[in-house]
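Each chain, letter by letter, is given below.
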Amino acid sequence: MSGLGKGIFSSSLAKLLKDKGLKVEPIKMEGYLNIDSGTLNPYRHGEVFVLDDGMETDMDLGTYERMLDQNLGAANFTTSGQIYRRVLDKERHGGYLGRDVQMIPHVTGDVKFNLRKLAMNTQADVVFVEVGGTVGDFENGFYIEALRELAFEEGDAGVCFVALTYVIEPQALGEQKSKAAQLGLKKLMEAGIQPHLIACRGHNEIEESAMEKIAMFSNVPKRRCFSMHDRKSIYTIPESMREAGLDREVLTRLGLHDRVNQRNEDTAREEWQGFVNKLTRKRKFKARIGITGKYAKIRDAYASIDKALEHCGVHLNADLDVQWLDTTEMQPSDVPRKLEDLNGIIVPGGFGKRGTEGKIACIQYCRENALPYLGICLGFQMAVVEYARNVCGLKDAGSTEFDPNTTAPVIGLLPEQKEIEGLGGNMRLGGKDVQVKSDTLAYFLYNNQNMIRERFRHRFEVDPQYIEKIEEQGMVFSGQHPQQPIMQVLELPTKIHPYFIGAQFHPELTGRPLKPQPMFMGLVAAAIQHAHPDVEPGEISKRWLPPVEYSIKG
Ligand code: GLN
């Protein structure tokens, strides 16, 4: 089933091997026909994760990047749509020399070709292939067949199959039942695949008796059946897999013991364990962070923001209470009541008009009440609109995304985007360099670097004709495109606000457990200070609380 944690299992196992010094490359294979995840509704599918090369993918790629601390690209993600498109394009170009084009061997052939290409191009020791969906689905059947063929062609010892299954625990019974899991495994074996490892998902740790049945009916020895029950954090899973000996089982299976670099593993494990220890300790501080969002009910729609905050809470020793604020019904008069107990606000990315006036009202409250604020993409744009309206006197200020007829379009389409038609086609996507002004809050957060790289996914931007007017009134555009007048970071000087910053990019996409994202660290540190006004800043964080004197021209 989707959403069970195949990506978490696969990325944890990949991490264990990477820690040993092996080169690993994950690939997620989606069953759907969409060419990428760009047009998917985050409410139904979770967030769209954008890779550095601009590929829009499933949120699992975020899990891989965070777990492995490794940037991925288009080669690490495929959909049925991409595969069919390649096959059909080839057919139109006469590539099949008069043959009829068939699922087997042509579609399965394309799958195998791309897996081999990934392995060859990256020189990976191990490629971790994750097939989306459930065994028995129509749409992933050809992937499973392709993998069976691949195992046959490459020789048995070149492949290690992992089945992820689910052990149910009906409330009325109060005991674990392995039957559904057994049937699922049987289905896999009918497809000609004998698993070598079984990951058993379940709410509670899988009991001996359930495990024994699963082992027995699937021909997988119990030492290769792993209980992957729910836990406080997924970041504890790699170590528990290691303790269960899964890493050794995989190395034995694939004959890779001689490639292990023990010293590498020791260092990597120690670093990770340091993080996990901080994660599980009792935290010293508390802070409440509000996130406004149309998809507020579904956490997956904001998975990377959630994770970025989790990392910061761990590093700054704080329990973060994340509250979701639905702004669609919010009236300006509701705002003080909704925000007064919070210590920091994030307005995340989004599309469409719904809820934007409520967001603008929240931003105004943050600005006027010294409440720490981080605006992401749409949250950056709305901060510009709010400032233009309430500080610069442009009462009608708006974004042409929602108000095509506004007389003060402070946010509008990029000139080059106007020319391109078609959904998904005119988005500014992927990792881009951002030039950071010296002696600004952004410069402080990014450790005094003038050039940073972050990931974008937007169509609209600050209209250059308003930049001067806005900056005259005190807002600073501290991050810009290196050559063009595209504004990418905004802030208020720390002399007038403890933490007010916005990014046209998505900082959450580059947060990693051991390298927490600077803008999030700044927000969380400021929120902790807000929640604990009597605590000395130095006790919260010397690194992440900006000095007050950062005030730029204007
Ligand atoms: N809707 C805005 C744009 O297209 C913001 C996009 C976003 O927040 N990802 O520019």
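Bear in mind the structure is a predicted one, so any value in this text is a computation, not a measurement. Residue numbers here run from 1 along each chain, matching the order of that chain's written sequence. The predicted nature of this model means local features are confined to residues of pLDDT at least 70 and side-chain atom pairs, given and counted, to a pLDDT of 80 or more, with totals for whole chains, interfaces and linings taken over all residues. Neither water nor hydrogens contribute to the side-chain values; these are computed over all heavy atoms in the structure.

What follows covers the side chain of Gln 381. Each helix corresponds to a stretch of at least 4 residues labelled H or I by DSSP, and each strand to a stretch of at least 2 residues labelled E; elements are numbered beginning at the N terminus. You can see Gln 381 is positioned in helix 15 (residues 378-390). For this analysis, a polar contact is any N or O atom pair within 3.5 Å, provided that within protein one partner can donate a hydrogen and the other can accept it, and provided that sequence-adjacent residues contribute only side-chain to side-chain pairs. A distance of 3.3 Å separates a polar atom in the side chain of Gln 381 from a polar atom in the side chain of Gln 504. Two residues form a contact once any of their heavy atoms are found within 4.5 Å. Among all residues touching Gln 381, those that are not within four sequence positions of it are Glu 401, Ile 411, His 458, Phe 460, Glu 461 and Gln 504.

For the rest of this paragraph, the subject is the sheet that holds strand 17 (residues 460-462). Here 3 strands make up an open sheet; going across it, the order is 13-14-17 and the pairing mixed. Looking at which strands have only one partner, the edges of the open sheet turn out to be strand 13 (397-399) and strand 17. Across the sheet, the axes of successive neighbouring strands diverge by a mean angle of 30°, strand direction being ignored. Paired strands, as defined in this entry, are two strands with at least two bridges between them according to DSSP. The angle between two axes is taken between their N-to-C directions and runs from 0 to 180 degrees, where each axis is a line fitted to C-alpha atoms and a helix contributes only its stretch in contact.

Pairing within the open sheet is parallel, and its 3 strands lie in the order 4-1-5. Only two strands of the sheet have a single neighbouring strand rather than two, namely strand 4 (77-79) and strand 5 (126-131). On average, each strand axis in the sheet is inclined to that of its neighbour by 20°, with strand direction left out of account. Pairing geometry for strand 1 (residues 24-30) and strand 5, over 6 bridges, is parallel.

A separate point is the pairing of strand 20 (residues 500-503). Three labels apply to residues, based on accessible area from a 1.4 Å probe with only protein chains included: buried if under 20% of the type maximum, exposed if over 50%, partly exposed otherwise in between. Judged by which residues are buried, strand 20 turns out to be covered on both faces: Phe 500 and Gly 502 on one side and Ile 501 and Ala 503 on the other are all buried. Pairing of strand 12 (residues 373-376) with strand 20, which is carried by 4 bridges, proceeds in the parallel orientation. Note that in strand 20 the partner of Leu 374 across the bridge is Ile 501. In this structure, strand 19 (residues 487-491) lies alongside strand 20, joined through 3 bridges in antiparallel fashion. Bridge assignment links Leu 490 to a residue of strand 20, and that residue is Gly 502.

The values reported here are purely geometric and, on their own, carry no functional implication.
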